[in-house]
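Chain by chain, the residues:
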Amino acid sequence: MKKFLATLLALVMVFACTASFAEAAVDPETIPDECEAVNGVFELAFVTDVGQLKDKSFNQGTWNGVKAYAAANNLTYKYYQPANGDQATDDDRYDAMKAACEGGAKVVVCAGFMQAAALEKAAKEFTDVKFVFIDGWPMGLDNVAPIAFMEEQSGYLAGYAIVKEGFTKLGFMGGGGGTNPACCRYGYGFAQGANAAAAELGVNVELKYSWQYGASFSASPELEAMAKGWYENGTEVIFACGGSMFSSIVSAASANDLFVIGVDVDQSYESETVVTSALKGLVSATEWAIAKFYAGEWETIGNVANNLGATDNAVGLPTDTWSLEKWTVAEYETLLASIKEGTLVIDNTVLEADAITGAGLANLTVIYE
């Protein structure tokens, strides 16, 4: 598997703010996580979601977008992790946002739907600061720009691809306890894609489906034990949909020489068990939102429902690290084009945890655990 590496100097040459959200070839991992303040000020700030900053997924992808824009534009930046880790409260999140604003931030990027209450409070208090709400929604506040993604499209593509590759015993382990809209859309999209491919192949597919041990999006011995049990009882591949949960599921897959589907970013760099990843353009969407502020165009995204999908090149599967053998990049691009053109429409309903069985997916047997 190949990984693109780049120097910081390359950032200056390649960055451009366009309407496309395709990930740049630059690797933001080359940018340090720490920088020195200028006159005591950090101009761009990032407030993490639950889990680790370096979760190899949602937090890390969003943070990379902040760093990439800062490095390309010679700006200072800093991340803030709410106190109490996975047990952080709304007050903890607000305190992190307040520290960012008092540290001189002009733009504060907040990751995750759990930020909502704290973000609303901070945005009303610090009205001169702009807030980017990743995986968020309009709050009636002009200084908050919500950025949401059509995760059902990425999930669909991953489910379709994996069944076309020949897998028929699938698993989905989701974060947020079944209350996170993004993870729900990923999961339902995955089920729809798997069912569609199964129908075309004339086969039936089993999907084990669980929100257990994922409420905090964290790795845990319990989650790893559950994943190992699935693998040992026939599951061939698990969609690891929840930040740091990934490491527990990868450990279980490695122990059984089986497979994982990554989420949010291309996680094939992290483990040979990863066959593909359901992507959303966290890096480039974050850069784009920040750039709107510096271009004097904040009003075009503030308090606007910015929902990014295939037509924005904001979701999909990674083709640079393609390892599927029975389904080709050309076939993937044809399917992706049908989503962009609107000839294939994927249901984006945020279903209750056990509702997929009633969704009319005739070639899919869903087993809830």
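Residues numbered from 1 in each chain as written. Predicted model: local features only at pLDDT ≥ 70, side-chain atom pairs only at ≥ 80, totals over all residues. Heavy atoms only, no water.

## Some thoughts on the sheet that holds strand S9 (residues 259-264)
Paired through backbone hydrogen bonds, the strands of a sheet run either parallel or antiparallel to each other. An order of S12-S10-S9-S8-S6-S7-S13 is seen for the seven strands of this open sheet, with the pairing classed as mixed. Looking at strand neighbours, the two that pair on one side only are strand S12 (315-316) and strand S13 (364-368), the edges of this open sheet. As judged from the five bridges shared by strand S6 (residues 169-174) and strand S8 (residues 237-241), these two strands associate in the parallel manner. Counterpart to Leu170 in the pairing with S8 is Val237. (Pairing = 2+ DSSP bridges. Helix = DSSP H or I, 4+ residues; strand = E, 2+ residues; numbered from the N terminus.)

## Thoughts on the environment of Thr89
Within the element layout of this structure, Thr89 appears in the loop between strand S2 (77-80) and helix H3 (90-102). In this structure the C-alpha to C-alpha distance between Thr89 and Ala118, which are 29 residues apart in sequence, comes to 8.9 Å.

## Some points on the pairing of strand S4 (residues 130-134)
Most of S4 is tucked away: five of the five residues are buried. Both strand S3 (residues 107-111) and S4 contribute to a ladder of five bridges, which runs parallel. Among the inter-strand pairings, Val109 is bridged to a residue of S4, identified as Val132. One crossover worth recording links S3 to the parallel S4 by way of helix H4 (residues 116-125), and it is right-handed. Direction of pairing for S4 relative to strand S5 (residues 144-149): parallel, over a ladder of four bridges. When the bridges of S5 are listed, Phe133 appears paired with Pro146. (Buried < 20%, exposed > 50% of the residue type's maximum accessible area, 1.4 Å probe, protein only. Right-handed = clockwise from strand over helix to strand, strands pointing away.)

## With respect to unusual backbone geometry
Of note, Asp257 is a non-glycine position whose phi angle comes to about 55°, a positive value. Here Asp257 is to be found in the loop between helix H8 (245-255) and S9. Looking at Asp257, the relative accessible area reads 67%, which means it is exposed. One non-glycine residue, Asn313, lies in positive phi territory at about 55°. With respect to the helices and strands, the residue Asn313 is situated in the loop between strand S11 (306-308) and S12.

## Brief notes about the packing of helix H7 (residues 221-232) against H8
Contact geometry for H7 and H8: axes closest at 8 Å, N-to-C directions at 40°. As for the relative orientation of H7 and H8, their crossing is right-handed in sense. Residues Leu223, Glu224, Ala227, Lys228 and Tyr231 of H7 form the contact with H8, whose participating residues are Met245, Ser248, Ile249, Ser251, Ala252, Ala253 and Ala255. Along the lines of polarity and charge, the residues of the contact of H7 with H8 split into eight nonpolar, two polar and two charged. (Axes fitted to C-alpha atoms, helices over the stretch in contact; angles between N-to-C directions. Left-handed = near helix turned anticlockwise from the far one by under 90°. Contact = heavy atoms within 4.5 Å. Nonpolar A, V, L, I, M, F, W, Y, C, P; charged D, E, K, R; others polar.)

## Structural notes on the state of the cysteines
If you walk through the whole model with that rule in mind, you get zero disulfides. The thiol of Cys110 is unpaired, and the distance to the nearest cysteine sulfur, on Cys101, comes to 8.2 Å. No disulfide involves Cys184; its sulfur sits 7.2 Å from the nearest other cysteine sulfur, which is in Cys183. (Disulfide = S-S within 2.5 Å.)

## Focus: the sheet that holds S11
Taken together, six strands build an open sheet; the order of strands is S2-S1-S3-S4-S5-S11 and the sheet is parallel. Each having just a single partner strand, S2 and S11 make up the two edges of the open sheet. Neighbour-to-neighbour, the strand axes of this sheet turn through a mean angle of 20°, independent of strand direction. As judged from the three bridges shared by S5 and S11, these two strands associate in the parallel manner.

## Section: the pairing of S8
Among the five residues in S8, five count as buried, and that is most of the element. Across the two faces of S8 the burial is the same, with Val237, Phe239 and Cys241 and Ile238 and Ala240 all buried. Examined bridge by bridge, S8 and S9 share three bridges and lie parallel to one another. Bridge assignment links Val237 to a residue of S9, and that residue is Phe259. Taken together, S8, H8 and S9 constitute a β-α-β crossover, and its handedness is right-handed.

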